[in-house]
Amino acid sequence: FSASSEEAVVQGTMVISSRGTVIAAVAAAAVFAPGADAFAPGFLAPMSGMPRALSHPARAQAPATGPRMVAAPERDPATWFSPGQFVGPQAPGQDAGMELPYDNFKLDKNKPEAIKKDSGHLRFPLLQEMADKETIQLTDQSVVVLKHHGSYQQQNRDLQRTDKAGYADSFQFMLRLKNPCGKMTPEAYKALDDCATKYGQQDLRATTRMAWQIHGVKKKDLKQVIANIANAGGSTLGGCGDINRNVMTPPVPLADPAYQHAYQAANFIGELFKPTSNAFAELWLDGKQASTVEYFRKDLVEGTTGVNHIPPLATSLEELDTRINAAMVHDNGNGIITGDPDEPLYGRTYLPRKFKIAVTVPGDNSMDVYIHDISLVVIMAEDGKTLMGYNVMVGGGMGRTHNKESTFARVADHLGYVDKQDITECLKAILAAQRDHGNREVRANARLKYLVHTLGVDKFRKLTESYMGSKMKPWVPLPEWKNVDWLGWHEQGDDANMFLGIHVPQGRVKDYDGIKYRTAIRAIVDKFDCDTRLTANQNVVFCGIKKADMAEVDAILRLNGVKPIQEVDMMTRQSIACPSFPLCGLAQAEAERRMPDFNARMNVLLSKMGMPGEYFVHRMTGCPNGCARPYMAELAWVGQGPDLYQMWLGGSHNLDGRTGWQYKDKVKQSDMETEVEPILYMWKSQRLSNADRLGDFLDRMGKDKIKEFCAAYVPGTAFKAPTVEPGPSLGELLAMSNDKALSGKSVRLTTGPRKQQVRVSDELHTMLKDVSEKNKEAISDLVERLLVKGLV
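Okay, so let's go over this structure. Residue numbering note: each chain is counted from 1, following its sequence as written. Given that the model is predicted, a residue must reach a pLDDT of at least 70 before its local features are reported, and side-chain atom pairs must reach 80 or more before they are shown or counted; all residues, however, enter totals for whole chains, interfaces and linings. Working from all heavy atoms in the structure, the side-chain values ignore hydrogens and water.

Comments concerning the overall build of the chain
Here is step 1: Secondary structure elements are taken from DSSP: a helix is a run of H or I of four residues or more, a strand is a run of E of two residues or more, and numbering for both begins at the N terminus. Scanning the chain for helices and strands turns up 24 helices and 23 strands.
Here is step 2: Remark: exposure states derive from per-residue accessible area (1.4 Å probe, protein chains only) relative to the maximum for the residue type, with buried under 20%, exposed over 50%, and partly exposed in between. Buried positions account for 60% of the 792 residues belonging to the chain.
Here is step 3: Throughout, a contact is declared for two residues whenever any of their heavy atoms are within 4.5 Å. Relative to all contacts within the chain whose residues are 6 or more apart in sequence, the contacts with residues 24 or more apart total 70%.
Here is step 4: Only the protein chains shown count as cover for residues, and all accessible areas are computed by the Shrake-Rupley method using a 1.4 Å probe. For the chain, the accessible surface area stands at approximately 30000 Å², while carbon and sulfur atoms represent 52% of it.

And the structure:
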């Protein structure tokens, strides 16, 4: 069955999705039995010939349940289920293995659950309210539904106290796109940028989840903007809401097979867990299909870069839809499939909370691998070309609430390894476990991290395996993680193209203070018709630039005041912040508008102490929800009131498996230097070496020793005849932008011919030669990188 045909090899009732394909067979589903050559791309069986159909009888009632799942007659699961649905949070597909402190029937305090239940699979009351052209805002019920379509309702809080009439009239909408791998085609980017000009506030924002946001859209224009994005091959479905959100990967278009498998996996997962209700098309496209196929679906057929070293998932879009739909509705009989004909995986009430996934390769931690609900690590065979399977992590997440100890930031656990042919069912099993057993009674505790924490990773693994119907294998050991930001020029690995990462402060793409980020990005996209990718640190990457065009790209950036990466200080480069005021309704303190000042002041403080050029992972959020991942930082600020911040210390420099910890409450922004000075001096005076990073040092010292030192510290001590210490090592700076072990390619940081010579001693030449041979890199490339980085 395909987009052009409604025939299917299934038994029972067929349901047609918004793609025009069969997405559910309530009585039975066609599935593919793996053969000797099955699952070559890592997800789905080959489609040559007719697949072997296996029937699975539908269950007339919910499966047998453990103690917490037994429902009294007055608490009928059918109240919360769609007709035909037999599995869900009130009747889980598998026993949790222990009694949980909730049964998901007492939902009176969690209003979004009832709103989702009554929404008709994300339609109502939004459909009616969007048809009302007179109002400028939506009701709370519609706002809950709207989030699943990729939008939040906002107001300008700068006006809240000074202009109440203006504040009342300031209702507007933020749209967040779905950008798997952070990628955007030139056509989609131009459409988004045009919408920002015509309907938005003249800017765009790169998020910490590698997705684009557009702000300032009025209700009357919302449908047109979403339609424009969709018709250019983009989408907002999956940008927000209690569903799977944007899937992250390393933000670079490398031709390396491992990276390409990561990109393919991310695109596939985005489609596998995409809501199948037709509500999106009905609301924003008048029930029709978009005029342009989503580019991330095309990538599964055509590949993600100009040169692709792995086979596509399908040879046509019709075959792709067939494969993804078959994978989605395949019922192994263990309670993954809900029976809901509109949403076979999600069911009537979708997930308890947002659901975030990332995919990476060993060593590349450019997307904060430990903070997601699920993280996958591509495991390749020794030949570096053959995909073997995936390491799986579960239970990461940043959000918490001040003064509520039952909420906390958490890093993901290592769940295990699965072979490539089992990854689809493993992902579905984890999603089903969260769908059925996540806490829907207390929304603040609804993320997967709380379920994993409550059960423990071993019991959660057993729960996942019960849905899978098979055992996971032990975790495959990995090399150390590297916090790579991929800024500057890099080779794509196809011997023809380069990519360039530019720093965009806090991800705000606009023209201001003489720096025209928005003009520069649009000019490059227009001129070179290039894809862009976003990084997890809110930066922009231009892809597929011909080597002959590098100088012209640099010139466009210079003309518009955008600095090359070697001119951006490392503190700024390693900082991120959430938008916060004026539009975020949860903001308690400034973040995006405050972070540049904090970075500048931090650099001044370090220089005065004799540590010029030193840096650390530095982050800020306006509230404790943690959108800028502050709890992973070496030093972070979390909004706690007007101009007040909670201070967090001790995260890992490479973001590799621990959170920091709360150090101090309600620090005034004006007291930043007073609070930080003794901590930085302790680091300088007691660290093991210059390679002893701030986060590792503070974690080793612990809160009590730090507080004891700070209490005895005499202000100004750090500035009395300070010994000037060198900044980070050149090797460390090189690894920040391009770790050879990750990219496998050397990098030109400057353009033009090399005409000048530099004389070195025999000893230094021998050292350079040894490193060159070890890295398989030309000495000239190595020297250029060392010089450029050393001169920053």
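Now, onward.
Considering the state of the cysteines
Here is step 1: Put simply, a disulfide is two cysteine sulfurs that come within 2.5 Å. All chains considered together, the criterion is met by 0 disulfides.
Here is step 2: Among the cysteines around C530, which has no disulfide bond, C543 carries the closest sulfur, lying 7.3 Å off.

A look at helix α18 (residues 672-686)
Here is step 1: A helix's residues, less one, multiplied by 1.5 Å, set its expected span. Compared with an ideal rise of 1.5 Å per residue, which puts 15 residues at 21 Å, α18 spans 22 Å between its outermost C-alpha atoms and is within 8% of the ideal.
Here is step 2: Residues M672, E675, V676, E677, P678, I679, L680, M682, W683 and K684 constitute the buried set of α18.
Here is step 3: Among the structural elements, α17 (595-608), β21 (635-641), β22 (644-649), β23 (661-668), α19 (694-701) and α20 (703-712) are those in contact with the buried residues of α18.

Focus on the sheet that holds strand β4 (residues 172-176)
Here is step 1: A pair of strands is considered paired only if DSSP assigns at least 2 bridges between the two. Across the sheet, which stays open at both edges, the 5 strands sit in the order β3-β4-β7-β6-β14 with antiparallel pairing between neighbours. One side of each edge strand has no neighbouring strand; the edge strands of this open sheet are β3 (151-154) and β14 (508-509).

Some thoughts on the nonpolar core
Here is step 1: Each nonpolar core is a collection of buried residues, namely Ala, Val, Leu, Ile, Met, Phe, Trp, Tyr and Cys, held together in the definition by side-chain atoms within 4.5 Å. With 152 residues, the main nonpolar core has W212, V392, I430 and F460 as its most contacted residues.
Here is step 2: Broken down by element, the residue count for this core peaks at 9 residues, all from helix α7 (residues 257-272).
Here is step 3: Those residues in contact with F460 that sit more than four places away from it in its chain are V394, L415, I430, A433, L448, L451, V452 and L455.
Here is step 4: L635, L694, F697 and M701 belong to the second-largest nonpolar core, a separate cluster that totals 41 residues.

Regarding the sheet that holds strand β10 (residues 387-394)
Here is step 1: With respect to topology, 4 strands assemble into an open sheet ordered β8-β9-β10-β11, the strand pairing being mixed. For this open sheet the edge positions go to β8 (357-360) and β11 (413-419), each flanked by a neighbour on one side alone. Direction aside, neighbouring strands of the sheet carry axes that sit 20° apart on average.
Here is step 2: Angles shown run from 0 to 180 degrees and are taken between the N-to-C directions of axes, each axis being a line fitted to C-alpha atoms and, for helices, limited to the stretch in contact. With respect to the sheet, helix α11 (residues 423-437) is in contact with β9 (374-380), β10 and β11, its orientation differing from that of β10 by roughly 10°.
Here is step 3: Most of the contacts of helix α13 (residues 457-468) go to β11, to which it runs at about 30°, and overall it touches β10 and β11.

A few points about the environment of Y517
Here is step 1: With respect to the element layout, Y517 can be found in helix α14 (residues 517-528).
Here is step 2: Distance in space between the C-alpha atoms of Y517 and D203 is 9.5 Å, their sequence separation being 314 residues.
Here is step 3: Filtering out sequence-adjacent residues up to four positions away, Y517 remains in contact with H503, V504, P505, V509, K510, D511, Y512 and V562.

Considering the packing of helix α9 (residues 295-302) against helix α10 (residues 317-329)
Here is step 1: Interaxial distance between α9 and α10 falls to 10 Å at its minimum, and their mutual angle equals 100°. Classified by the angle their axes make, α9 and α10 are roughly perpendicular. Of the residues in α10, those touching α9 at R297, K298, L300 and V301 are L317, L320, D321 and I324.
Here is step 2: Note that Gly is not counted as nonpolar here; it falls among the polar residues with everything else outside the nonpolar set of Ala, Val, Leu, Ile, Met, Phe, Trp, Tyr, Cys and Pro and the charged set of Asp, Glu, Lys and Arg. A breakdown of the residues in the contact of α9 with α10 according to their chemical character gives 5 nonpolar, no polar and 3 charged. Our angle categories are set so that under 35 degrees counts as roughly parallel, over 145 as roughly antiparallel, 65 to 115 as roughly perpendicular, and the remainder as oblique.

Points about α10
Here is step 1: Over its 13 residues, α10 runs 18 Å from end to end, which matches the ideal 18 Å to within 8%, given 1.5 Å per residue.
Here is step 2: Burial analysis of α10 places 11 of its 13 residues in the buried class, the great majority of the element.
Here is step 3: Every buried residue belonging to α10 is among E319, L320, D321, T322, R323, I324, N325, A326, A327, M328 and V329, and all of these are buried.

Brief notes about the environment of V509
Here is step 1: Within the secondary structure layout, V509 lies in strand β14.
Here is step 2: V509 sits 11 residues away from A520 along the chain, and the two C-alpha atoms are 9.6 Å apart.
Here is step 3: For V509, the residues in contact, after removing those within four places along its chain, are Y189, D203, L204, W212, V504, Y517, R518 and I521.

Digging into the packing of α17 against α18
Here is step 1: At their nearest, the axes of α17 and α18 sit 11 Å apart, and the two run at 45° to each other. It follows from the interaxial angle that α17 and α18 lie oblique. In this structure, the crossing between α17 and α18 has a hand that is right-handed. Two secondary-structure elements touch here, α17 through F598, R601, M602, L605 and L606 and α18 through M672, E673, V676, E677 and L680.
Here is step 2: Along the lines of polarity and charge, the residues of the contact of α17 with α18 split into 7 nonpolar, no polar and 3 charged. Each crossing gets its hand from how the near helix is turned against the far one by less than a right angle, where anticlockwise is left-handed and clockwise is right-handed.

As for unusual backbone geometry
Here is step 1: Cis geometry is found at the peptide bond from F124 to P125, where omega equals -5°.
Here is step 2: Checked against the element boundaries, P125 lands in the loop between α1 (111-117) and α2 (126-131).
Here is step 3: Across the junction of F581 and P582, the peptide omega takes the value 10°, indicating a cis bond.
Here is step 4: Residue position: P582 is located in the loop between β19 (575-577) and α17.

Some thoughts on the packing of aromatic side chains
Here is step 1: The rule is short: rings of Phe, Tyr and Trp, with Trp giving its six-membered ring, pair when the centres are within 6.5 Å, and they are stacked under 30 degrees, edge-to-face over 60, tilted in between. This structure, assessed with the given rule, holds 15 aromatic pairs.
Here is step 2: Between Y681 and F709 the ring centres are 6.5 Å apart and the planes differ by 35°, which places this aromatic pair in the tilted class. With a gap of 28 residues between them, Y681 in helix α18 and F709 in helix α20 connect regions that are remote in the sequence.
Here is step 3: Since its relative accessible area comes to 23%, Y681 is described here as partly exposed.
Here is step 4: Grouped by ring-pair contacts, the aromatic residues Y259, Y263, W486 and F499 constitute a single cluster.

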